[in-house]
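# Coordinate analysis (summary)
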Amino acid sequence: MLILAPIGFLLIACLAVFILDLVHPRYGTSWLITVTAGILAWMIIIFSRLRLPTTVALFSWDHPSLNQVGKLSLLLDYQSWPYALALITVFLAMVFTDAARTHFDSRPRAWAASLVIIALGLLAVQSGTSLTMMTAWVLVDLLELFLLLSLQETTQFNQRIIIAYGVRLASILLLFLGTMLGWAANGNFDFAQAPYPAGFIFLMAAGLRLGVIPLNLPFLREPVLRRGAGNVLRLTPVAASLTLLARLPGEALLPEAGYWKTLVTGLLTLAAIYAASRWLVAVNEIEGRQYWIIAWSSFATVSVLNGVPQSSIPWGMALILPGSLLFLYYPRIQPTNFLLLIGALCFLGLPFTPVASGWSGLLGGGFTLWTILLIIVHGLMVLGYLEHALKPGVEAGVLEPWERVVFPIGLILILQTMIILGFFGWPGAFTLGVWWVALLSNILILTALILARRFGISPPYFQLPANSTIKKVSDWLLPRIEPVFRLEWVYWVAWKLYYFFGQILKVFSSIFEGEGGILWTVLTLALLISLLTGGGVN
Amino acid sequence: MTLSTPLIWVIVPMVVAVVCTLTAERRQLSLIIACVFTFGLALLAAYLPQELILSLGPLTISIEESLNFFGRKITLVSAMLPMVAFLYGTTGLWLLSSNLQSVPKSFRPTSLIITAALTAALGVEPFLYAALLIETAVLVSVPMITFPVKSEHSGVLRYLGLMTIAMPFILIAGWLLTGVVTLPPESPLIGQSAVVLGLGFAIWLAVFPFHSWVPMVSEHSHPTVFSFLLFILPTGILVFGLNFLNRYGFLRTSEAIFNIIRLTGVMMIVFGGVSTAVQEELKRAFGFSILVETGYSLLAIGLAASGGLHWMLMMFPVRALGYWLWGYTLARLETHYGASIGLGTIQGAARRTPWLSSGLILAQLSIAGLPLLASFPIKIVLLSQAASESISLGVWSLFGSLGLFLFSIRLLLSFYHPSENENDQIWHVQEKLPHYAPIIIMMVVLMAFGLFPGKFFTGLIDILTAFPHLQ
């Protein structure tokens, strides 16, 4: 019941806010209902840390002909709890900070949508079986599709939104495939014991959903709801995928499949490098959000590939919590800018900070070329964060008095949660970690900062002077190599192949459906029979 | 008072069909008569006690299982009644939507006759006469599938031709098989009779390369009519096919036959799926999707040794719901966008007919096996069983299903594609509640089936008790 209570509170609140908005719109009451539901859910999730692992069986298909495999259950364990807490924290922070965004996209309908998205997100991160996860993913995706298509005011993003949904659908089908192969091999199984190749397929499913295997960026610009509810909408499916990564067995790939590991790690590193460099030069944090997600997701996925799925959690937390701190920090109030810098401390990877336990995931079996590249990516991510964090804000006077109180509470809540998670979020969270890698990364960051100053570039704008040669070269080169990095050529080739086969099939159809169709039918039958008998089937 | 099961479920529907023909001009009356009788027959078959004695107050009606008819006997045992209930229930479902614009007047009587003929085929003795009854159903169906297009169209001729060619194959196979039981296993006659039988069923079920009539007919017929026909005929044929498996031990025990059936099933899934993915016309895509479903049925039969027949039977209700929703939404879309509905003509439809568009997408996704929707539980279990036999069987089958998902995404893209000069997302909803209420109900039902399959799919499996060797 402990697992279901937060979901129940959120759904009831969603219904209440929706009905209230329909019947008698009251901004304040809707806000209070949303906050109350969020706080109750947050407290229950915090309390449930004392009762881990907790499981609840929802229902089963329960028929002998379905082999008793169809069980739907929820599981709150050391892997899902941090994500559940992070999600509800982001939601609560969104509602608190939304109080200061009344002139933007802060609306009761958006809260109702966020309430249901978070409820489904909790369902997804607490999925106890692959079947539950598939169901939750389908629900989250359909809801996201519906919200994105119905809330936007122009048609220009429709195609991108649907393609993004198509990618999500493909990830669900990979989960389907993994489950199917897992059942074929073992019967019923849970994630931690996923047999080969089911474990590897699950990893691919999560990677595809996160946009890292292969790199895919459906939204080059955010379609609607950029802040607030938009942040919840963006991060909930990500959290659901990251939970799957954290739950996978350490040996998701068999040792003899080393070439697969090298290939996928290479793709992930490529994605991370591209995303980090785009994050660094992004116009603002919202435009860079998808790159932020991709870079940290690559770190989490590499951790699983290296056989340390537990280490994907700190990278996941770095993605969700400090990211939300930045994305929800609007309007920028100069006196509270320091909160963002505290947020940066949480993902610098220093010993005894939340991300300290993540380095072991990047190292895996040893220090390789990939590790060096990923350390550089880490540095770029920190630098990008600093650039966005150090941008000047406005004076607090632009806010109403009550907004001045509530707005920072939302941000502080995120920081508090990061500290809580850093201490006991997951086994081994409060650790020295691989301190020398952290040291290396932070030295790199410091060096970059010093060099930037020497070249006359100072935060908050890590932009090269417009008349510098490097700037001219990069301006010419970047647009040309970007399509290569974004792997759009792969999708172009796939589309051409699809078109080619489509044409062949159409010719085939016109032959069979034409005047001589029956004769072709008989001929094909004769050919098939001769092929089959020739193949030894008598 | 004494009645017989064939009298109730074969003769009475024929009489109702005649009444419907006579009242065809009064559409509402005809609709009420057809629906009341059809659902009544379905409920009676579902709730009739196993002893076949019906007590209504002082009146006790004893129902016999057989009826002699022109020297032949039709026997509908109580174990077969769940199937009868299902056939009439689904016919009733389609009849409910028979008042849609441009559904032929002949649809109501014809659908009743087809269902009655297939019901008779379930229990006719000698059982080979079922082939004649199926042929009757085919012949009767011709006027309704030619209805909107008065001119000759070759799809119907091909349908009629191939289905009629199938009948002698089945009859010859039956004739050959009468002597097979006494033959030694190495006799070539066994293989020859299996090939003839296989060819007959392959033609009936529109297995590649005998499939060409399916997209041709689907393209030109009314969606309600076509979806009904392509649901009810294969269902009847597949259940009839169980007779052969039940009667002839060599068919049940031959590993090679099951291998071929499995392979054919996977080939149909892949062919149908890939063909669906590249279609432009919605009705043709539906036709190819039906080939995928036939493939799943064959795959299930091929896995009979591991419970495949259960899954084949469990797929029937889900398929019925999916096909019905597909037929209904396509029929409604036709009234908005004309008879030839392609991906190009429905651009921006989601902003004018959102429920219809959602219904069509959901029908497609349900048939494809999207988690949460009706056919998912059975398909994932079936595919995992196939994968346990051979991983490539499972993977290729899923690959075939991908085609349906891909077409769904293309459909979605078209529905939301802005028409020319349409930059703003302006919603001009043109739907009325009575039009989309059935879609909402069906969406809920599809999800309920997907989440609680054990609660809904069990009844039909009981018909296997009528086939003692197949349990």
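Calculation rules
Residues numbered from 1 in each chain as written. Chains lettered and ligands numbered in written order. Predicted model: local features only at pLDDT ≥ 70, side-chain atom pairs only at ≥ 80, totals over all residues. Helix = DSSP H or I, 4+ residues; strand = E, 2+ residues; numbered from the N terminus. Rg over C-alpha atoms; globule rule 2.2 N^0.38 Å. Buried ≥ 20, exposed ≤ 12 C-beta atoms within 10 Å, placed from the backbone. Contact = placed C-beta atoms within 7 Å. Nonpolar A, V, L, I, M, F, W, Y, C, P; charged D, E, K, R; others polar. Domains from an automatic or database assignment. Expected span 1.5 Å × (residues − 1). Core = buried A, V, L, I, M, F, W, Y, C linked by C-beta atoms within 7 Å. Pairing = 2+ DSSP bridges. Axes fitted to C-alpha atoms, helices over the stretch in contact; angles between N-to-C directions. Parallel < 35°, antiparallel > 145°, perpendicular 65-115°, else oblique. pLDDT = per-residue confidence, 0-100. Left-handed = near helix turned anticlockwise from the far one by under 90°.

Check the secondary structure of chain A and you find 19 helices and two strands. Relative to its length of 538 residues, chain A is compact, with a C-alpha radius of gyration of 25 Å against a globular reference of 24 Å. Here the C-alpha coordinates of chain A stretch approximately 85 × 60 × 50 Å along the principal axes. Expressed as a percentage of its 538 residues, the buried residues of chain A come to 50%. Within chain A, counting contacts between residues at least 6 apart in sequence, those at least 24 apart form 79% of the total.

When helices and strands are tallied, chain B shows 19 helices and six strands. Expected size for 471 residues packed as a compact globule is a radius of gyration near 23 Å; at 22 Å, chain B falls within 12% of this value. Taking the principal axes of its C-alpha atoms as reference, chain B extends roughly 75 × 60 × 45 Å. Residue burial in chain B is summarised as follows: out of 471 residues, 57% are buried. Across chain B, the fraction of contacts at a sequence separation of at least 24, relative to all contacts at a separation of at least 6, is 78%.

Take the interface of chain B and chain A next. The partner chain A presents 43 residues to the 46 residues of chain B that form the contact. Of all the elements in the fold, those that place two or more residues in the side of chain B that touches chain A are α8 (213-220), α11 (255-277), α13 (308-337), α15 (376-389), α16 (391-416), α18 (453-456) and α19 (458-461) of chain B. Top element by residues in the side of chain B that touches chain A is α16 of chain B. It accounts for nine residues. A per-class count over the side of chain B that touches chain A returns 31 nonpolar, 12 polar and three charged.

Let us now look at the domain arrangement of chain A. The domains assigned to chain A are domain 1 (4-454) and domain 2 (488-534). Between domain 1 of chain A and domain 2 of chain A, the C-alpha centre-to-centre distance is 44 Å.

So, about helix α6 (residues 154-177) of chain B. An α-helical segment advances 3.6 residues per turn. Residues three or four places apart therefore align on the same side. Taking 1.5 Å per residue, 24 residues should reach 34 Å; α6 of chain B reaches 34 Å between its end C-alpha atoms and fits that length. When α6 of chain B is considered as a whole, its buried residues turn out to be Gly155, Val156, Arg158, Tyr159, Met163, Ala166, Phe169, Ile170, Ala173, Gly174 and Leu177 of chain B.

Moving on, we come to the nonpolar core. With 334 residues, the main nonpolar core has Leu87, Leu115 and Ala295 of chain A as its most contacted residues. Per element, the largest residue contribution to this core is 18 residues, and it comes from α13 of chain B.

The next subject is the sheet that holds strand β3 (residues 59-64) of chain B. Through backbone hydrogen bonds, the strands of a sheet pair up, either in parallel or in antiparallel fashion. Residues and elements named next belong to chain B. The strand order across the open sheet formed by three strands is β1-β3-β2, and the pairing between neighbours is mixed. In this open sheet, the two edge strands, each paired with only one partner strand, are β1 (2-4) and β2 (53-56). This sheet shows a mean twist of 25° between the axes of neighbouring strands, independent of strand direction. Sitting on the sheet, helix α1 (residues 5-22) is in contact with β1 and β3, with an inclination near 55° to β1.

A cis geometry characterises the amide bond from Tyr196 of chain A onward to Pro197 of chain A, with omega recorded as 5°. Note on placement: Pro197 of chain A falls in the loop between α6 (158-186) and α7 (198-210). For the bond running from Phe208 of chain B to Pro209 of chain B, omega is 10°, close enough to zero to count as cis. With respect to the helices and strands, Pro209 of chain B occurs in the loop between α7 (188-204) and α8. Positive phi is not limited to glycine here, since Phe352 of chain A has a value of about 65°.

We now examine α6 of chain A. All names here are of chain A. Taking 1.5 Å of rise per residue, 29 residues should cover 42 Å, and α6 covers 41 Å from first to last C-alpha, within 8% of that figure. Counted residue by residue, α6 has 21 buried out of 29 residues, so it is predominantly covered. Just past α6, the residue Gly187 takes up positive phi, approximately 75°.

The next point concerns the sheet that holds strand β4 (residues 66-69) of chain B. A sheet is described by the order of its strands in space; here three strands give the open sequence β4-β5-β6 (chain B), paired in antiparallel fashion. For this open sheet the edge positions go to β4 and β6 (124-125) of chain B, each flanked by a neighbour on one side alone.

All names here are of chain B. In terms of domain boundaries, chain B breaks down into domain 1 (1-125) and domain 2 (204-470). Placing a centre on the C-alpha atoms of domain 1 and another on those of domain 2 gives a separation of 26 Å. If one sorts the elements of the side of domain 1 that touches domain 2 by residue count, helix α4 (residues 107-123) sits on top with seven residues.

Residue and element names in this part refer to chain A. In contact at an axis separation of 9 Å, helix α8 (residues 229-247) and helix α11 (residues 312-327) are set at 170° when each is read in the N-to-C sense. In terms of their interaxial angle, α8 and α11 are classed as roughly antiparallel. Every residue of α11 that contacts α8 at Asn231, Leu235, Val238, Ala239, Leu242, Leu245 and Ala246 is listed here: Ser312, Ile313, Gly316, Leu319, Ile320, Ser324 and Phe327. Of the residues that constitute the contact of α8 with α11, the class distribution is 10 nonpolar, four polar and no charged.

All names here are of chain B. For chain B, the mean per-residue pLDDT works out to 88, and 97% of the residues sit at or above 70. Confidence, read as mean pLDDT per element, is least for α19 in chain B (77) and greatest for helix α12 (residues 282-302) (95). With pTM at 0.91, the complex prediction returns an ipTM value of 0.90.

Moving on: the environment of Gly199 of chain A. Note on placement: Gly199 of chain A falls in helix α7. A sequence separation of 169 residues divides Gly199 of chain A from Thr368 of chain A, and the C-alpha atoms of the two residues are 24 Å apart.

Moving on, we get to the environment of Phe86 of chain B. Residue and element names in this part refer to chain B. On the secondary structure map, Phe86 appears in helix α3 (residues 81-96). Accessibility expressed as a C-beta count within 10 Å gives 22 for Phe86, which makes it buried. The sequence separation of Phe86 and Glu125 amounts to 39 residues, and the corresponding C-alpha distance is 22 Å. Apart from residues lying up to four places away in sequence, Phe86 is in contact with Phe316, Pro317 and Leu460.

Residues and elements named next belong to chain B. Two elements in contact, α13 and helix α14 (residues 354-368), have axes separated by 9 Å at closest approach and are oriented at 150°. When the axis of α13 is compared with that of α14, the two are roughly antiparallel. Considering how the two elements wind past one another, α13 and α14 form a crossing that is left-handed. Listed contacts from α14 to Gly322, Leu325, Trp326, Thr329, Leu330, Arg332 and Leu333 of α13 are Leu356, Gly359, Leu360, Leu362, Ala363, Ser366 and Ile367. Of the residues that constitute the contact of α13 with α14, the class distribution is nine nonpolar, four polar and one charged.

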